[in-house]
Amino acid sequence: MPEFLSKTQAGLAEISAYSDEYEKNPPKLLGGDHTLEACGVKVDISRQRLNEEELKHLYRIAEDVHLVERHRNMMQGKQVNSSEKRAALHTLLRDPESSLPQAEAVRKNLDEMRKFAYEIRQGLWRGTTGQRITDVINVGIGGSFAGPHFVYDACQDMNTSSIAVHWVSNVDGWVLVNLLSKLSASTTLVIVSSKSFGTAETLLNAETIRNWFIQQGIEGEELCKHFVVVSSNEKAGEKIGVPCARRFPIWDWVGGRFSVWSATGLPLMIALGPTHFDEFLRGAHQMDMHSIESEPEKNLPLTLALLSIWNSIALNAGTLCFLPYEHRLRHMIQWLQQLQMESLGKSRLTNGELTFFPTGRIVWGGLGNDAQHTFFQCLRQGVARTAIDILWADRPAHSLTVHHDFLLANAKAQANVLVTEDDDSLAMNTVNVIRVRDISPYSLGALMAMYEHKTTMLGNLFGINPFDQPGVELGKRLARDIMNEEQ
Ligand SMILES: O=P(O)(O)OC[C@H]1O[C@](O)(CO)[C@@H](O)[C@@H]1O
């Protein structure tokens with residue numbers, strides 16, 4: 001076992017010694033002024049259940065195992081994805097000045113994305129009948145969908161084009177039947193986004209859309225004006241019957257769930273414009289720098305990772321409930337689910353041994369205030385222990401200030417209510433309050449990068465590989481077998 005791993009295990013074993021005692025008597029709230037701030041993101045950890053000494057102990061573990069240094073290895077392109085023998089360089093995608101060997105290809109691709117987005121937005125790139133593109137369909141699933149979909153939705157009021165993006169991830173035919181009946185092929189551009197280009201849902205959806213084009217009289221070479229592909233697979237265009245489709249590359253060192261910063265973000269570049277996309281990258285890059293440069297006690301992702309470990313090991317708080325009090329962040333829950341659960345839902349350490357710590361916790365959530373009127377009763381007075389992240393933006397993006405005041409009054413009240421214990425309740429919660437000034441491409445970039453770093457740091461601490469997803473393969477294989485049997 002590598003030395004760091006035995007050290008991590010020793011440190012975490014010390015934490016687990018607390019769990020018996022805290023099973024009966026949950027510790028008091030940290031209290032006081034414990035707000036960390038970086039890149040416009042504020043994280044108030046005063047509603048965590050541990051004392052100053054225990055918090056220091058957590059930071060000591062991170063120091064003992066050189067967590068930040070090992071995190072830096074990831075950003076320097078070391079082969080941290082051990083099972084797939086690859087680097088995990090999503091941070092390079094947002095680093096404008098990187099001197100890593102892969103940086104030039106990234107910059108070239110970003111320039112091509114900017115140029116393409118400009119042409120679509122200005123009406124220079126037109127459909128085969130000479131009409132402007134008015135609608136973009138993004139076909140993709142998992143990481144080729146969740147990140148860009150969430151950001152697109154959150155930034156609707158910044159859509160500076162007259163182009164609408166439609167998202168096709170689900171293979172349920174209902175989606176396409178409804179969508180295609182509303183669109184015209186001559187003004188539609190399809191982005192087929194799949195890193196592997198082997199994902200059955202995406203390939204089937206792309207084929208159905210291609211057939212729809214053919215039915216509308218657009219075929220052969222003409223399809224090139226209407227299809228582009230985002231993939232690491234050089235044969236991507238051929239695989240959907242449009243060999244001349246323009247390809248925007250994505251590299252094997254970008255994990256699908258970390259790929260919104262790459263050409264997977266092309267629909268964002270088109271809808272929001274290159275300037276907003278650059279701001280998105282800038283927010284993330286600044287959080288990247290913060291994650292390796294700030295001292296541990298001020299380090300947002302590091303602190304979130306350590307508290308996550310504390311909650312699951314010392315307090316046995318089995319799930320993370322994510323509660324945005326901001327309608328525009330409603331799809332962030334799904335993005336965070338894939339990020340954390342696909343990355344950390346592993347039982348084997350990188351050395352092949354079975355882990356004895358709770359690695360991937362269930363991530364779930366809902367939108368405040370709706371969630372108050374659906375599952376809060378269970379959070380408050382049920383029997384479960386839950387770690388909760390409440391998130392809001394201080395400034396509204398609308399003129400109904402009375403609504404915003406009401407929303408935030410509820411968010412602030414619930415941050416306290418959810419850690420208030422009743423005599424007639426076994427439930428026990430901890431709350432992080434996360435705030436940004438407003439919802440913008442910059443703040444979204446910073447927030448998303450913060451959660452990415454929290455996730456990969458957790459993978460590091462647990463000694464698991466957060467960059468592969470071997471468990472998903474069985475489902476894909478069985479579905480293929482059933483399809484083959486039925487044909
Ligand atoms: O971009 P691709 O290769 O189509 O993969 C889509 C998704 O499928 C998965 O492999 C498994 O769900 C994800 O990791 C990935 O984001």
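Just above, that's the structure.
Residues numbered from 1 in each chain as written. Predicted model: local features only at pLDDT ≥ 70, side-chain atom pairs only at ≥ 80, totals over all residues. Heavy atoms only, no water.

Caption draft 1: Fine view of the site of the ligand. The immediate surroundings of the ligand are formed by 15 residues, with G143, S144, S194, S196 and T199 found nearest. At 2.7 Å from an oxygen atom of the ligand is found a main-chain nitrogen or oxygen belonging to G143. Between the ligand and E342 there is a distance of 2.7 Å, counted from an oxygen atom to a side-chain nitrogen or oxygen. Using a 2 Å cut-off from the grid points, one finds that the ligand occupies the largest pocket. (Near = heavy atom within 4 Å. Polar contact = N/O pair within 3.5 Å; in protein donor to acceptor, adjacent residues only side chain to side chain. 1 Å grid on protein atoms, 1.4 Å probe; cavity = no way out; pocket = protein on both sides within 12 Å on 5 of 7 lines; lining within 4 Å. Sits in = over half its atoms within 2 Å of the grid points.)

Caption draft 2: The arrangement of unusual backbone geometry in detail. Look at the link from G368 to N369: it is a cis peptide, with omega at 0 degrees. In this fold, N369 is placed in the loop between β9 (362–365) and α14 (376–381). A positive phi angle is found at C39, which is not glycine, with a value near 50 degrees. Mapped onto the fold, C39 is located in the loop between β1 (35–38) and β2 (41–47). The buried category is assigned to C39, whose relative accessible area is 17%. (Helix = DSSP H or I, 4+ residues; strand = E, 2+ residues; numbered from the N terminus. Buried < 20%, exposed > 50% of the residue type's maximum accessible area, 1.4 Å probe, protein only.)

Caption draft 3: A look at the sheet that holds strand β6 (residues 227–231). Spatial ordering of the open sheet is given by β4-β3-β5-β6-β7, a layout of five strands whose pairing is parallel. With partners counted over all chains shown, the strands left at the sheet margins are β4 (164–168) and β7 (246–249), one partner each. In this sheet, adjacent strand axes meet at a mean angle of 20 degrees when their direction is disregarded. Across four bridges, β6 lies against β7 in parallel orientation. The residue of β7 that forms the bridge with V228 is R246. Set on the sheet, helix α5 (residues 103–122) makes contact with β5 (188–193), β6 and β7; between it and β7 the angle comes to about 135 degrees. (Pairing = 2+ DSSP bridges. Axes fitted to C-alpha atoms, helices over the stretch in contact; angles between N-to-C directions. Contact = heavy atoms within 4.5 Å.)

Caption draft 4: Local environment of the environment of A105. Tracing the backbone shows A105 in helix α5. In this structure the C-alpha to C-alpha distance between A105 and P249, which are 144 residues apart in sequence, comes to 9.2 Å.

Caption draft 5: Region of the structure containing the packing of helix α4 (residues 67–75) against helix α16 (residues 441–462). At a closest axis distance of 10 Å, the pairing of α4 and α16 adopts a crossing angle of 115 degrees. The interaxial crossing formed by α4 with α16 has right-handed handedness. For the pair α4 and α16, the contacting residues are L67, R70, H71, M74 and M75 in the first and H453, T456, M457, N460 and L461 in the second. Grouping the amino acids of the contact of α4 with α16 by side-chain chemistry returns five nonpolar, four polar and one charged. (Left-handed = near helix turned anticlockwise from the far one by under 90°. Nonpolar A, V, L, I, M, F, W, Y, C, P; charged D, E, K, R; others polar.)

Caption draft 6: Structural context of the environment of T8. Its place among the elements puts T8 in helix α1 (residues 3–16). For the pair T8 and V65, spaced 57 residues apart in the sequence, the C-alpha separation amounts to 6.2 Å. Contact partners of T8, with chain neighbours within four places excluded, come to V65, R70 and L461.

Caption draft 7: Region of interest: the pairing of strand β10 (residues 385–393). In terms of burial, β10 is a largely internal element, nine of the nine residues being buried. By the alternation rule, side chains of β10 split into R385, A387, D389, L391 and A393 and T386, I388, I390 and W392, which are all buried. Direction of pairing for β10 relative to strand β11 (residues 428–436): parallel, over a ladder of nine bridges. Across the sheet, residue R385 finds its bridge partner in β11, namely M428. For the segment spanning β10, helix α15 (residues 401–417) and β11, crossover handedness is right-handed. (Right-handed = clockwise from strand over helix to strand, strands pointing away.)

Caption draft 8: Layout of the state of the cysteines. If you walk through the whole model with that rule in mind, you get one disulfide. What pairs with C224 in a disulfide is C244, and their sulfur atoms sit 1.7 Å apart. An S-S torsion of about -70 degrees defines the bridge between C224 and C244 as left-handed. Of this pair, C224 sits in the loop between α8 (200–215) and β6 while C244 sits in the loop between α9 (236–239) and β7, and the two are 20 residues apart along the sequence. Residue class for C224 comes out buried when judged on its relative accessible area of 15%. (Disulfide = S-S within 2.5 Å.)

Caption draft 9: Region of the structure containing the sheet that holds strand β8 (residues 319–324). Read from one edge of the open sheet, six strands run β1-β2-β11-β10-β8-β9, paired in mixed fashion. The open sheet is flanked by β1 and β9, the only strands paired with a single partner. Between one strand axis and the next, the sheet turns through 20 degrees on average, direction left out of account. Alignment of β2 against β11, held across five bridges, turns out to be antiparallel. What sits directly across from V41, in β11, is V436.

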